[in-house]
Amino acid sequence: MAGSNPNAKPMNLTLKVWRQKNRDTAGQLVSYPVKNVSPDMSFLEMLDVLNDDLEIRNEEPIAFDHDCREGICGACSLFINGRAHGPERGTTTCQLHMRHFKDGDTITIEPWRAAAFPVHKDLVVDRSAFDRIQQAGGYISVNTGGVPDANEIPIPKTVADKAFDAATCIQCGACVAACKNASAMLFVSAKVSQLALLPQGKTERKTRVENMVAQMDIEGFGACTNTGACAAECPVGISLENINKLRREFIVAKATSENVA
Amino acid sequence: MILDSKIPEGPVAEKWDKHKFNVKLVNPANKRKYDIIVVGTGLAGASAAATLGELGYNVKAFCFQDSPRRAHSIAAQGGINAAKNYQNDGDSVYRLFYDTVKGGDYRSREANVYRLAQVSVNIIDQCVAQGVPFARDYGGLLANRSFGGAQVSRTFYARGQTGQQLLLGAYSALNRQVAYGKVKVFPRTEMLDLVMVDGKARGIVTRNLITGKIESHSAHAVILATGGYGNVFFLSTNAMGSNTTAAWRAYKKGALFANPCFTQIHPTCIPVSGEYQSKLTLMSESLRNDGRVWVPKTVEIAERLRKGEISVNDIGEADRDYFLERKYPAFGNLVPRDVASRNAKLACDEGRGVGSTGLAVYLDFADAIKRDGQAAIAAKYGNLFEMYAKITDENPYERPMRIYPAVHYTMGGLWVDYNLMTTIPGLYAAGECNFSDHGANRLGASALMQGLADGYFVIPYTIGDYLAKMPYDKVPTDHPAFREAEQAVIDKNNQLLSIQGTRTVDSFHKELGLIMWEHCGMARNEEGLRFAKQEIRRIREAFWSDVKVTGVGEELNQTLERANRVADFIELAELMVDDAQNRNESCGGHFREESQTPENEALRDDENYAYVAAWEFTGVGNEPRLHKEDLEFENVKLTQRSYK
Ligand SMILES: Cc1cc2nc3c(=O)[nH]c(=O)nc-3n(C[C@H](O)[C@H](O)[C@H](O)COP(=O)(O)OP(=O)(O)OC[C@H]3O[C@@H](n4cnc5c(N)ncnc54)[C@H](O)[C@@H]3O)c2cc1C
Ligand code: SF4
Ligand code: FES
């Protein structure tokens, strides 16, 4: 199992993994020893190897979400040693490598914990609440065709760059998992800011923020008390500035509401 | 069966407009009487579903991820082409058309490619209107970069995350239709079969990936936008879940599969580090603008390097072989993807590869850093250097990157006519899962363009022509055709679960991948292909007698999901080998060793192979039937590519 670095010594670890059959059964932490882990492995590859062993022994492998394994799809979502996406800052679970752990370590792996993210099985949670918040208003109302030329409305580079920064949210849910209130403010604020910044998004900015925040409350996410834990754990560095922006947008929208429905 | 591409008459530049005028329309009030299924929510599927919803159809959209926004399109980095000519550097619809046909090594359909170039300009307008934050210059207008295979700057981008931003645009349009009740999205739902009634596609059978429930969905037409099949090689730059199952099961129901052996190997990926490797990470093509590719001049030096006796910075200029610059002085490190990949493989086959495995070459930025300064290089490639460091634990500012080619994209796919309809009436294919526009080689930044062209601007028109001739009647899901398909899916799952053999699904997938990589990868020859075919058949038999799938069908079971996908990959692999064997010429990404120039360059054979090879299923283990669609070139003159 040695990797590209000839000096890297394989490690032996103990994993404590949350096992839960389905939404309706209680779960528990189960210990698994893993041997000969190469420091060059990614965290998920380490779980792959463990799962191979489990399957051969006729035990159920550990279920976890993942797809791109490049830090961009937002599927992976492990709570590792009490931290969303593990110990490295600015890193998704799939981008985390075993070289950040030591021989003999015990590693606890849990799912995101939030009332709005019920566990489907083991480490797989239901994040569909996020999709519903986006459906409540995370868009600009244009149909395909009949739009102006792309260069008709110039957008200052600084504004475009800021909108881009907010738009890079990968919808992973680490912000919610990291927050003691399980608030979704950072996630919602990223979308609200992106669209409020762009000239194309201005027409609907008031209804958008009202509707998205309302849906966030319906989904059962907690209130934001400004602890900043979300931004500290966000793998793509979505900034707290966005939450301030959301607050301003929301106050203005409420004061001059255009929501007739 | 006669393949009718339904290419409209007339000059290439007028075909699409004429066709749009000639197709039948569904009256706005009647659109709500039709149901359309869209499988896949990547760029092609999300854009199609949203647009069809806007038009008034009832749409059901499916994906296997937990959210439509996680489709593999999200991972595309570099950019999207469009013939906007904003840079005033001589670009035009015609030039984009020409570059794409040439880049595809003259194995694509002129009419389709021309239409693609035409609608490319609308895509950018659409995305900007949706709020896609493309890169801009200081004047506030859109910025462009250049990509391989083009002499103009026509690539629009959003830092290194273009696919993400485009997909989020399409996802937002989709969400808006969900809010309006015109689209219903089924995440974590996998299509496992196509249902046909009276010879027409009328629905699908799916598995709910959370509950395991097998369900039927009925519609008047079905669109597959399920992406590419690069994961047949096990290791590729595709996401872990990317698979061929939807397309393959449609093939088994009678849709023809075109040019399956046309795969693209990307030259600059991070090399394999160990047996546990689960996927490969792409390092953008743009790096070759400043990086120099080299290996040690001799096998001896390479060996000492691999053993760790010397380090890369001990190797002097005189002992380095910048093989691309040496062999291709005109293009140097910027030769097209297939040429760069093949030459890296050649160097490693000679024993001059680097890294502990010997399967890597260097991509060296030392000269560029000396010339432009580290800050300038960091500004251009900072995020890529960071990603490289994260994965390899090496600092590319101090020592050259190690790179190796990896499977990246599949040009082959379901055969479609000009309307993007497969050979099954009512079954359409869009995006990477069809074969249509890239011939034997895709140019960088053209897949995103094609996916959105198909979904926003082509299918919404062409599907109306079909539906206008369909009665409104719905087929109930208790129709025998649905019942039979459901039973077949259940039986197949039960069979997989009951084998209880000794080997994991992944072990078969890895074994298959190695065979394909060795014999149907960067270079192919008759003997190797014959051997691969036998091996694949052996793997298929072993799989169906010795695979171990744990758990049960009626719950979340990721092993069962993979088992279904791998079973289909094994069958597809055989078809790829058949196709590669049939095509005894080299073109684009398909290099047949028997067909090369004295300088070892790819040699096309237009006399005998200027056709699309479309294969018909005749039963597992039987020889598939070949149908040929002859390609006619009325606008572009065929020439041999040369990059010397
Ligand atoms: C790392 C990387 C970088 C790239 N960079 C670029 C670039 O810079 N420019 C460019 O032009 N191209 C690029 N490409 C290529 C491009 O990203 C893809 O070709 C394109 O995004 C494919 O889009 P799609 O809509 O056809 O399919 P995908 O985005 O692959 O979507 C497939 C969809 O189908 C669904 N699906 C599949 N099977 C089933 C099933 N059985 N049941 C239900 N749902 C199913 C999936 O859930 C998903 O929603 C890149 C590719 C990779 C791998
Ligand atoms: S804000 Fe950050 S942590 Fe929250 S969902 Fe988006 S990317 Fe994930
Ligand atoms: S698997 Fe896609 S972000 Fe981790």
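Each value, and the rule that gives it
Residues numbered from 1 in each chain as written. Chains lettered and ligands numbered in written order. Predicted model: local features only at pLDDT ≥ 70, side-chain atom pairs only at ≥ 80, totals over all residues. Heavy atoms only, no water. Helix = DSSP H or I, 4+ residues; strand = E, 2+ residues; numbered from the N terminus. Rg over C-alpha atoms; globule rule 2.2 N^0.38 Å. Buried < 20%, exposed > 50% of the residue type's maximum accessible area, 1.4 Å probe, protein only. Contact = heavy atoms within 4.5 Å. Areas by Shrake-Rupley, 256 points an atom, 1.4 Å probe, with all protein chains shown as cover. Lys, Arg positive; Asp, Glu negative; His and termini not counted. Charge placed at Lys NZ, Arg CZ, Asp CG, Glu CD. Core = buried A, V, L, I, M, F, W, Y, C linked by side-chain atoms within 4.5 Å. Buried area = accessible area lost by both parts, 1.4 Å probe. Salt bridge = Lys/Arg side-chain N within 4 Å of Asp/Glu carboxyl O. Polar contact = N/O pair within 3.5 Å; in protein donor to acceptor, adjacent residues only side chain to side chain. Domains from an automatic or database assignment. Near = heavy atom within 4 Å. Nonpolar A, V, L, I, M, F, W, Y, C, P; charged D, E, K, R; others polar.

Once that is clear, we can look at the overall build of chain B. Scanning chain B from terminus to terminus reveals 18 helices and 19 strands. Taken over C-alpha atoms, the radius of gyration comes to 24 Å for chain B, in line with the 26 Å a tight globule of 644 residues would show. Once the C-alpha set of chain B is aligned to its principal axes, its extents read approximately 75 × 60 × 50 Å. Counting every position in chain B, which comprises 644 residues, the buried fraction comes to 66%. Within chain B, contacts between residues separated by at least 24 positions form 74% of all contacts whose residues are at least 6 apart in sequence. Total accessible area computed for chain B in this model is approximately 21600 Å², and 50% of it derives from carbon and sulfur atoms. One way to put it: in chain B the 76 positive side-chain charges average out to a point 4 Å from where the 79 negative ones average out.

All names here are of chain B. Core analysis: the biggest nonpolar cluster contains 182 residues, and Ile-80, Phe-134, Leu-224 and Leu-467 have the highest contact counts within it. Of all the elements, helix 17 (residues 558-582) adds the most residues to this core, at 12 residues. Not counting the four nearest positions on each side in its chain, Leu-467 is found in contact with Val-26, Tyr-34, Ile-36, Tyr-57, His-220 and Ala-221.

Taken together, the contact between chain B and chain A spans 83 residues of the former and 76 residues of the latter. Here chain B packs against chain A, burying approximately 6500 Å² in sum over the two surfaces, 49% of which is carbon and sulfur. Where chain B packs against chain A, one counts nine salt bridges. With its nearest N and O atoms 2.9 Å apart, the salt bridge here joins Lys-21 of chain A to Glu-555 of chain B. Summed over the shared surface of chain B and chain A, the number is 47 residue pairs in polar contact (both at pLDDT 80 or more).

The subject of this paragraph is the domain arrangement of chain A. All names here are of chain A. Taken domain by domain, chain A comprises domain 1 (11-119) and domain 2 (128-256). Taken over C-alpha atoms, the centre of domain 1 sits 29 Å from the centre of domain 2. Taken together, the contacts link 18 residues of domain 1 with 17 residues of domain 2. Regarding the contact of domain 1 and domain 2, the summed buried area is about 1300 Å², with carbon and sulfur atoms giving 60% of it. Our count for the domain 1 to domain 2 interface comes out at one salt bridge. Between Glu-233 and Arg-83 there is a salt bridge, with its nearest N and O atoms 2.9 Å apart.

Residue and element names in this part refer to chain B. As a structural note, the neighbourhood of ligand 1 is formed by 38 residues, with Gln-65, Ser-73, Gly-78, Met-191 and Glu-432 the closest of them. Take Gly-78: an N or O atom from its main chain is 2.7 Å from an oxygen atom of ligand 1. Note that an oxygen atom of ligand 1 is positioned 2.9 Å from one of the backbone N or O atoms of Ala-447. Relative to its unbound accessible area of 1000 Å², ligand 1 is 98% covered by the protein chains. Listed by contribution, the elements that provide at least two residues to the shell around ligand 1 are helix 3 (43-55), strand 6 (189-197), strand 15 (401-410) and helix 13 (447-467). In terms of residue class, the shell around ligand 1 is built from 17 nonpolar, 18 polar and three charged.

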